[in-house]
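Each chain, letter by letter, is given below.
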Amino acid sequence: MTKVLYLGGARSGKSHHAESRCHGHNGPVRYIATANQHPSMAERIALHQQRRPAHWQCHEVPLALAEALRQPLAQGESPDGIVLVDCLTLWVTNHLVEISARLPDANASELEEAMTGLLDDLCEAIAACPVPLVMVSTEAGMGWPAEDPLSQAFIGVCGELHQRLGTQLDQLFFCTAGHAIPLKRPSA
C-alpha cells in the first residue's frame, strides 16, 4: 500500500496537498486528527474541518496513533479506503508535553530517549498499515537552535521520525509556498 508524507513549514500548504490527494481517492477517507482541543488551535482546527467533505470519517487521536493505524478497518470501514493523518508533529508534541510533565527535570536527551519506544511503535504501525496512508508533518529543524530541553527534544524527535519515514515511505514531498516538491518518488 502506498505511504506518503507531506513535510514542510507552518502554513506551507502541506495539509492542503494531503487533503487534495485524498479527494482523488475513490474509496472512503478516514481522517485522523492529532491536535488536542486547545484555544490556540481552535481557528486552525475549524479551518481544517470546513475544508473536509462531510462524508470523511474524522477520528481525534492525540496520543494513540499507532493503535489507530493498526485498526484502519475498525467501525465497518472499507478495505478500499485511505487514511490521512494530520499531523505527526502534533502527535510528537502531545507525547513530549505528557512526558515532560512526568519528568520535569529531564534534559533533551532524556526526553528523546523516552520517545524512542513510541517512535518504534509508530513506524511499525505505519509499515503494517493495510490501506494507503497519507501523512502530514511539520519540518522543525530549519530554524534557530532551541535553548530549552523540551524544544531541543521536539526538534530531535521530529528529525529522527522524519529521517526514519524518509527511508520507509514510498513518496515524500517537501511543501513550501503552496507547492509540493517531490523528494522521493516510488521505486520503478
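Please read these numbers as outputs of a predicted model, since none were measured by experiment.

A. Region of interest: the sheet that holds strand 4 (residues 82-86). Spatially, the seven strands line up as an open sheet ordered 3-2-4-5-1-6-7, and their pairing is mixed. Whereas interior strands pair on both sides, the edge strands pair on one side only; in this sheet they are strand 3 (57-60) and strand 7 (179-184). Across the sheet, the mean angle separating the axes of adjacent strands is 20 degrees when strand polarity is ignored. Taken together, the four bridges between strand 2 (residues 29-33) and strand 3 define a ladder with parallel strand orientation. What sits directly across from R30, in strand 3, is Q57. On top of the sheet, helix 1 (residues 14-23) reaches strand 1 (3-8), strand 2, strand 4, strand 5 (133-138), strand 6 (171-176) and strand 7; it is set at about 175 degrees to strand 5, its chief contact.

B. Main features of the pattern of salt bridges. Enumeration over the complete set of coordinates arrives at three salt bridges. Residues E98 and R102 are paired through a salt bridge, measuring 3.6 Å at the closest nitrogen-oxygen approach. Here E98 and its partner R102 are both found in helix 4 (residues 88-102), four residues apart, which amounts to about one turn of the helix. Residue classification places R102 among the exposed positions, given a relative accessible area of 54%. Residue R164 pairs with D120 through a salt bridge whose shortest N-O separation is 2.8 Å.

C. Spotlight on helix 6 (residues 149-168). Taking 1.5 Å as the rise per residue, helix 6 with 20 residues should run 28 Å; its terminal C-alpha atoms sit 28 Å apart, in good agreement. Turning to helix 6, the residues buried within the fold contact strand 1, helix 4, helix 5 (108-128), strand 5, strand 6 and strand 7.

D. Focus on unusual backbone geometry. A cis amide bond, omega 10 degrees, links D86 with the succeeding residue C87. Its place among the elements puts C87 in the loop between strand 4 and helix 4. At R11, a residue that is not glycine, the phi angle is positive and equals roughly 60 degrees. Secondary-structure assignment places R11 in the loop between strand 1 and helix 1. Backbone geometry at A177 places phi at a positive 50 degrees, although glycine is not the residue there. Relative accessible area serves as the criterion here: at 70%, A177 is assigned to the exposed category.

E. Structural view of the environment of A35. Tracing the sequence through the fold places A35 in the loop between strand 2 and helix 2 (42-51). In this structure, the C-alpha to C-alpha distance between A35 and T116, residues 81 residues apart in sequence, is 21 Å.

F. Spatial organisation of the side chain of E19. For E19, the location among the structural elements is in helix 1. Excluding residues within four positions of it along the chain, E19 makes contact with Y31, H48, R51, W56 and L84.

G. How the structure looks around the pairing of strand 5. Within strand 5, five of the six residues are buried, which leaves it mostly tucked inside the rest of the structure. Bridge count between strand 4 and strand 5: four bridges; the pairing is parallel. Within strand 5, the residue paired with D86 across the bridge is V136.

H. Focus on the packing of helix 5 against helix 6. Where helix 5 contacts helix 6, the axes come no closer than 9 Å and their chain directions differ by 25 degrees. Our classification of the angle between helix 5 and helix 6 gives roughly parallel. Of the two elements, helix 5 crosses helix 6, and the hand of that crossing is right-handed. Together, A108, L111, E112, M115, L119, D120, L122, C123, I126 and A127 of helix 5 and P149, L150, Q152, A153, G156, V157, E160, L161, R164, L165 and Q168 of helix 6 make up the contact between the two elements. Across the contact of helix 5 with helix 6, the residue classes break down as 14 nonpolar, three polar and four charged.

Quick notes on the rules
Residues numbered from 1 in each chain as written. Predicted model: local features only at pLDDT ≥ 70, side-chain atom pairs only at ≥ 80, totals over all residues. Heavy atoms only, no water. Pairing = 2+ DSSP bridges. Helix = DSSP H or I, 4+ residues; strand = E, 2+ residues; numbered from the N terminus. Axes fitted to C-alpha atoms, helices over the stretch in contact; angles between N-to-C directions. Contact = heavy atoms within 4.5 Å. Salt bridge = Lys/Arg side-chain N within 4 Å of Asp/Glu carboxyl O. Buried < 20%, exposed > 50% of the residue type's maximum accessible area, 1.4 Å probe, protein only. Expected span 1.5 Å × (residues − 1). Parallel < 35°, antiparallel > 145°, perpendicular 65-115°, else oblique. Left-handed = near helix turned anticlockwise from the far one by under 90°. Nonpolar A, V, L, I, M, F, W, Y, C, P; charged D, E, K, R; others polar.

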